[in-house]
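# Summary of the model geometry
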Amino acid sequence: MTVQGSENSSRRGRRSSTMGGMPTNDMPWWRWRSNVRSALHMLSDPGFQRECWLAGREEYGDVTDAVYRLVEDTWLDNWSAEKYVGTIFRDAEEAALVDAAVLRVLRIMHEVGPDALVSAYLDHPGWPEAVRAAREAHVRLSVSDGEEPDVPPRTLDVLRIMTRSAG
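## A look at the layout of surface pockets
If you add up the space inside the largest pocket, you get close to 290 Å³. Residue lining of the largest pocket: 19 residues in total, with S34, R37, E147, R154 and M162 positioned closest to the centre. Of all elements in the fold, only helix 1 (29–43), helix 6 (127–144) and helix 7 (156–162) reach the threshold of two or more residues within the lining of the largest pocket. Residue contributions to the lining of the largest pocket peak at 7 residues, all from helix 1. The class makeup of the residues in the lining of the largest pocket is 7 nonpolar, 5 polar and 7 charged.

Below you can see the structure in the form of structure tokens.
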């Protein structure tokens, strides 16, 4: 997936160095989990999508930005979330739910294109199923982390603050 960065985006232009195809020192597991959860949260909430993405609220990024957070650093567009059980994901059930969401969202992205209008995603016949799969994964990860799944998604600035390295 090729993405272009912007000032209001968490997207970066290229992947980090790799070792055997795995990113090296990209992020600790908890930041990967935070990014995956943020993306699933946004992808799972039709009200948020209408009020924020369709309205063009920049503080939340766009659909492509959410997909980037879901797959780029984890490489979930190349392999199963099962690979991360015990690190990013607590168990095989979490991994399977994330895989289902990733596959549905990526299928739509490949059909409409990464730079398509938000409405192209939301009007796609497969979008409701992608939203449902993202919702199942989002709820499971949120509850596993002891958090309420129905609070509004956090802005990208809040996510950056949450995932900032201590130092």
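## Some points on the confidence of the model for the protein
Predicted confidence across the protein gives a mean pLDDT of 85, with 82% of residues reaching 70 or more. Confidence, read as mean pLDDT per element, is least for strand 1 (residues 18–19) in the protein (37) and greatest for helix 6 (98). Note that residues 1–26 has pLDDT below 50 and, in this model, 55 contacts with residues that lie over four places away or in other chains.

## Observations regarding helix 1
With 15 residues, helix 1 should reach 21 Å at 1.5 Å per residue; the first-to-last C-alpha distance of 21 Å fits that figure. Taken across its 15 residues, helix 1 has 13 buried, putting it largely inside the fold.

## Comments concerning the pattern of salt bridges
When charged atoms on two side chains of opposite charge get close, those side chains can pair. If you walk through the whole model with that rule in mind, you get 16 salt bridges. Here R132 and E136 are joined by a salt bridge, their closest N and O atoms 2.3 Å apart. You can see R132 and its partner E136 sitting in helix 6, 4 residues apart, about one turn around the helix. Here R132 falls in the partly exposed class, since its relative accessible area comes to 35%. Note that R135 and D150 form a salt bridge whose closest N and O atoms lie 2.6 Å from each other.

Reading the values: the criteria
- Residues numbered from 1 in each chain as written.
- Predicted model: local features only at pLDDT ≥ 70, side-chain atom pairs only at ≥ 80, totals over all residues.
- Heavy atoms only, no water.
- 1 Å grid on protein atoms, 1.4 Å probe; cavity = no way out; pocket = protein on both sides within 12 Å on 5 of 7 lines; lining within 4 Å.
- Points joined across faces, edges and corners; volume = space filled by probe spheres on them.
- Helix = DSSP H or I, 4+ residues; strand = E, 2+ residues; numbered from the N terminus.
- Nonpolar A, V, L, I, M, F, W, Y, C, P; charged D, E, K, R; others polar.
- pLDDT = per-residue confidence, 0-100.
- Contact = heavy atoms within 4.5 Å.
- Expected span 1.5 Å × (residues − 1).
- Buried < 20%, exposed > 50% of the residue type's maximum accessible area, 1.4 Å probe, protein only.
- Salt bridge = Lys/Arg side-chain N within 4 Å of Asp/Glu carboxyl O.

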